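Chain residues, written in single-letter form:
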Amino acid sequence: MYNTTTADVNSSLLCHDDVIDGPTLDLVSVLLHVGVNGVIALWGVVANILNIIVFKKQGTRESITISLLVLAVTDLLNCLFLLWESVCLNPLFLSAGLPFVARDIDHFTSVMPRGVSVRISWWIITLTILERCLCIALPLKVKHIVTRRRTITALVTISLLTTAIMMPLWLSSRLTPQTQGNRTVLARVPAANSKLLNDVSYFMNLVWQLGAYLLTIVCTAVMIRQLRSLTSWRCHGSHVTQRHVLRKLTSRDMRAAKAVTFVSCVYITCAFPSCVIFLLELSLSCSQQNLYFLLWAVAFTLEAINSAVHIFIYYHFHIILQQVFGLIQAFVLVKKTIE
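Since we're looking at a predicted model, the values are computed, not measured.

## Let's talk about the overall build of the protein chain
A tally of helices and strands in the protein chain yields 14 helices and two strands. At a minimum sequence separation of 6, the contacts of the protein chain that also span at least 24 residues come to 79%.

Structure (structure tokens):
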């Protein structure tokens with residue numbers, strides 16, 4: 001399964017006809033998982049903490065704020081798990097003689113929980129772009145359709161369903177004491193029914209992941225078309241009904257719609273390799289194992305970027321976030337002046 005990639009990357013597990021040799025795989029894996037992902041994750045932790053502070057300051061009266069706040073929390077978790085993974089896969093950590101297999105600990109404490117939080121983030125983006133589509137298409141009715149309670153219910157449902165779908169994969173192996181040489185370490189061993197659990201989890205994740213991805217593409221395309229139509233109406237005049245719609249859409253609604261559209265476009269771009277690898281998993285993981293691991297390393301990096309760059313979109317479209325940056329810059333300037 002895809003979630004065992006970082007746990008199982010080892011140059012001793014090679015396919016003789018693999019297009020990627022073992023040393024190349026090891027080198028690229030260290031560069032991406034430890035170097036690049038570690039830096040991106042560290043920035044993502046800081047950025048998402050700032051996002052959480054800003055959305056918390058706004059309050060949770062509106063559904064869009066609730067969704068973006070929860071998205072910032074899940075992105076923060078993604079970055080924290082990825083930061084821990086960069087530690088677990090560090091060659092110094094791997095060779096430290098610890099009483100456990102670092103890659104196996106990484107599987108249970110980073111790869112698995114990050115698999116849950118990443119998919120929750122993706123579905124939150126899908127939910128948010130769908131809500132913005134309704135806001136632009138039905139501005140007179142959206143407040144009755146998308147309520148605070150329904151948004152919270154949807155977010156809780158997404159979280160529970162994603163966790164349940166990932167659970168079979170989580171249960172397909174366990175940590176048990178194993179003898180390695182002259183010492184005993186905690187290592188991951190497959191469960192008795194691991195193949196069945198892996199197969200079930202694969203097909204459920206395939207439907208769940210691709211469902212979010214395809215629905216986001218459709219909603220984003222609709223949103224872009226709606227935004228272009230609104231721009232055209234403003235430039236060339238509009239029908240009475242269209243003018244009524246424009247009056248109902250505040251500048252805040254438009255900024256939110258544009259911001260969510262950009263967030264969706266980033267997600268669509270960064271999640272594309274992951275979805276493609278998922279579809280090709282059964283063939284790649286058997287015939288081109290090293291290539292399979294390498295592609296997932298690249299996909300993890302793109303997923304990290306997706307979790308860390310939202311702050312730039314919010315900064316461009318979000319006045320409150322600009323004010324926070326202004327305060328931070330003022331604080332730094334005053335500190336330098338005092339020193």
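Following the structure, the description resumes.
## Quick notes on the pairing of strand β1 (residues 173-180)
Bridge analysis of β1 against strand β2 (residues 183-190) gives eight bridges, and the strand direction is antiparallel. Considered in β2, the bridge of L175 is made with R188. The turn linking β1 back onto β2 is made up of two residues, and G181 within it adopts a positive phi angle of 70°.

## Observations regarding the packing of aromatic side chains
One pass over the structure, following the stated rule, counts 11 aromatic pairs. On the basis of an interplanar angle of 75° and a centroid distance of 6.1 Å, the ring pair of W84 and F93 is categorised as edge-to-face. The class for W84 is partly exposed, based on a relative accessible area of 33%. Geometrically, the ring pair formed by F93 and F100 is tilted, given 6.3 Å between the ring centres and 45° between the ring planes.

## Re the nonpolar core
One finds L71, M223, Y267 and W296 to be the most contacted residues of the largest nonpolar core, which totals 64 residues. Counting residues per element, the ones that place at least two in this core are α2 (22-58), α3 (63-88), α5 (102-137), α7 (148-170), α8 (194-236), α10 (251-279), α12 (289-308) and α13 (310-317). Per-element accounting of this core gives the leading share, 12 residues, to α5. Among residues more than four places away in sequence, those in contact with L71 are S121, I124, I125, V263, H310 and Y314.

## A look at the confidence of the model for the protein chain
Looking at the protein chain as a whole, its pLDDT mean stands at 82, while 81% of the residues score no less than 70. pLDDT under 50 marks residues 1-16. Its contacts with residues more than four places away, or in other chains, come to 55 contacts. Per-residue pLDDT stays below 50 along residues 238-246; that stretch engages in 10 contacts with residues further than four places along the chain or on separate chains.

## Thoughts on α13
Those residues of α13 that fall on the buried side of the exposure criterion are H310, I311, I313, Y314 and F317. Taken around the axis of α13, the buried residues stretch over an arc of 160°, which confines them to a single face. In α13, the exposed residues that point more than 90 degrees away from the buried face are F312 and H316.

## Quick notes on the side chain of D104
Relative to the helices and strands, D104 is located in helix α5. On the accessibility criterion, D104 (9% relative accessible area) is buried. Separated by 2.8 Å, the side chain of D104 and the backbone nitrogen of R188 make a polar contact.

## Remarks on the pattern of salt bridges
Taken as a whole and judged by the stated rule, the model has four salt bridges. Close ionic contact of E131 with R132 constitutes a salt bridge, the shortest N to O distance being 2.7 Å. Here E131 and R132 have matching classes, each one buried. The partner of K195 in a salt bridge is D199, and the shortest N-O contact between them spans 3.1 Å. With K195 and D199 both in helix α8 and four residues apart, this pair spans about one turn of that helix.

## Structural notes on a nonpolar patch on the surface
Taken together, the side chains of F272, V276, L279 and L280 define a hydrophobic patch exposed on the protein surface, amounting to about 360 Å² of accessible area. Considering the arrangement of structural elements, one finds V276 in helix α10. Judged by relative accessible area, which is 30%, V276 ranks as partly exposed.

## Here's the deal with the packing of α3 against α12
Where α3 contacts α12, the axes come no closer than 9 Å and their chain directions differ by 140°. Taken together, the axis directions place α3 and α12 in an arrangement best described as oblique. Crossing of α3 against α12: the hand is left-handed. Here D75, N78, C79, L82 and E85 of α3 come into contact with α12, specifically with F300, A304 and S307. Of the residues that constitute the contact of α3 with α12, the class distribution is four nonpolar, two polar and two charged.

## Concerning the environment of V73
Inspection of the secondary structure assignment puts V73 in helix α3. Sequence separation between V73 and N51 is 22 residues; the distance between their C-alpha atoms is 8.7 Å.

## Here's the deal with the packing of α2 against α12
Taken N-terminus to C-terminus, the directions of α2 and α12 make an angle of 15°; their axes are 9 Å apart at the nearest point. Comparing their axes, α12 and α2 come out roughly parallel. α12 is crossed by α2, and the crossing has left-handed handedness. Taking contact as the criterion, the partners of G22, L25, V28, L32, H33, V36, N37, I40, W43, G44, A47 and N48 in α2 are, on α12, N290, F293, L294, A297, V298, F300, T301, A304, I305, S307 and A308. Classifying every residue of the contact of α2 with α12 gives 15 nonpolar, eight polar and no charged.

Rules of the game
Residues numbered from 1 in each chain as written. Predicted model: local features only at pLDDT ≥ 70, side-chain atom pairs only at ≥ 80, totals over all residues. Heavy atoms only, no water. Helix = DSSP H or I, 4+ residues; strand = E, 2+ residues; numbered from the N terminus. Contact = heavy atoms within 4.5 Å. Pairing = 2+ DSSP bridges. Phe/Tyr/Trp six-rings, centres within 6.5 Å; stacked < 30°, edge-to-face > 60°. Buried < 20%, exposed > 50% of the residue type's maximum accessible area, 1.4 Å probe, protein only. Core = buried A, V, L, I, M, F, W, Y, C linked by side-chain atoms within 4.5 Å. pLDDT = per-residue confidence, 0-100. Arc of directions from axis to C-beta. Polar contact = N/O pair within 3.5 Å; in protein donor to acceptor, adjacent residues only side chain to side chain. Salt bridge = Lys/Arg side-chain N within 4 Å of Asp/Glu carboxyl O. Patch = residues over 30% accessible without salt bridge, like charges linked within 9 Å, V, L, I, M, F, W, Y side chains within 5 Å. Areas by Shrake-Rupley, 256 points an atom, 1.4 Å probe, with all protein chains shown as cover. Axes fitted to C-alpha atoms, helices over the stretch in contact; angles between N-to-C directions. Parallel < 35°, antiparallel > 145°, perpendicular 65-115°, else oblique. Left-handed = near helix turned anticlockwise from the far one by under 90°. Nonpolar A, V, L, I, M, F, W, Y, C, P; charged D, E, K, R; others polar.

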